[in-house]
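Read off the chains here:
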Amino acid sequence: MKLAIGSDHVGWELKQEISDYIQSLGHETVDFGAYSSERTDYPKYGKKVAEEVASGQFDGGVLICGTGVGISISANKVKGIRAVVCSEPYTAKLSKQHNNTNIVAFGSRVVGVDLAKMIVKEWLEASYEGGRHAKRVDMIDEIASKE
């Protein structure tokens, strides 16, 4: 998989470790910032990664800020994005299987490195099941298309 990855300054350090981990699993990552711990604003990174994923250039995305909430909200404003914020692996897995999420987000102030790796691994290994879930995902996409 080719993944877009981004963070604000709070998530920058964890982003480096997660990017390396994703690559160790055989996937490609492209970093869209932030590139240091210098204070910055999470919405621009959420938006940038989401736009890259929505364009079809990437198979998915990973976003990190302090809690994962703000950056995922920003990503979800981009049409075609279904970003989920996770604090544990089970939700990450089911979000892909049931909701066809294309971005996973988490907080560097909420999860440690090992838990972040488990979240990413479950999300990457999960596949969208379609079937009974497809109707609901279509309903979600319809909400976005009306705005």
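So, here's what we can say about the structure. Fair warning: this is a prediction, and the values are worked out from it, not measured in the lab.

1. A few points about the nonpolar core
The tendency in soluble globular proteins is for nonpolar side chains to be buried side by side. Of all hydrophobic cores here, the largest spans 18 residues; its most connected members are I18, I22, V62, V104, F106 and I119. Among the elements of the structure, β1 (2-7), α1 (12-24), β3 (60-65), β5 (103-107) and α5 (113-125) are those that each provide at least two residues to this core. Here the element with the most residues in this core is α5; it accounts for five residues. With residues up to four places along the chain from it excluded, the contact list for I119 reads C86, S87, E88, P89, A92, V104, F106 and V111. Counting residues in each nonpolar core, the second largest holds 17 residues, with A4, F32, A50 and V78 among its members.

2. Structural notes on the side chain of K96
In this fold, K96 is placed in helix α4 (residues 89-99). For the buried residue K96, which engages in no salt bridge, the nearest side chain bearing the opposite charge is D59, 9.5 Å off. Look past the residues within four positions of K96 in its chain and what remains in contact with it is T101, W123, L124, A126, S127 and Y128.

3. Description of the sheet that holds strand β2 (residues 28-31)
The strand order across the open sheet built from five strands is β2-β1-β3-β5-β4, with neighbouring strands paired in parallel fashion. Only two strands of the sheet have a single neighbouring strand rather than two, namely β2 and β4 (83-85). Along the sheet, successive strands turn relative to each other by an average axial angle of 25°, direction set aside. Pairing of β4 with β5 involves three bridges; the strand directions are parallel. Directly across from A83, in β5, lies its bridge partner I103. Of the strands in this sheet, β1, β3, β4 and β5 touch helix α3 (residues 69-76), which is tilted by about 140° from β3.

Conventions we followed
Residues numbered from 1 in each chain as written. Predicted model: local features only at pLDDT ≥ 70, side-chain atom pairs only at ≥ 80, totals over all residues. Heavy atoms only, no water. Core = buried A, V, L, I, M, F, W, Y, C linked by side-chain atoms within 4.5 Å. Buried < 20%, exposed > 50% of the residue type's maximum accessible area, 1.4 Å probe, protein only. Helix = DSSP H or I, 4+ residues; strand = E, 2+ residues; numbered from the N terminus. Contact = heavy atoms within 4.5 Å. Lys, Arg positive; Asp, Glu negative; His and termini not counted. Salt bridge = Lys/Arg side-chain N within 4 Å of Asp/Glu carboxyl O. Pairing = 2+ DSSP bridges. Axes fitted to C-alpha atoms, helices over the stretch in contact; angles between N-to-C directions.

Any functional reading would require information that these geometric values do not contain.
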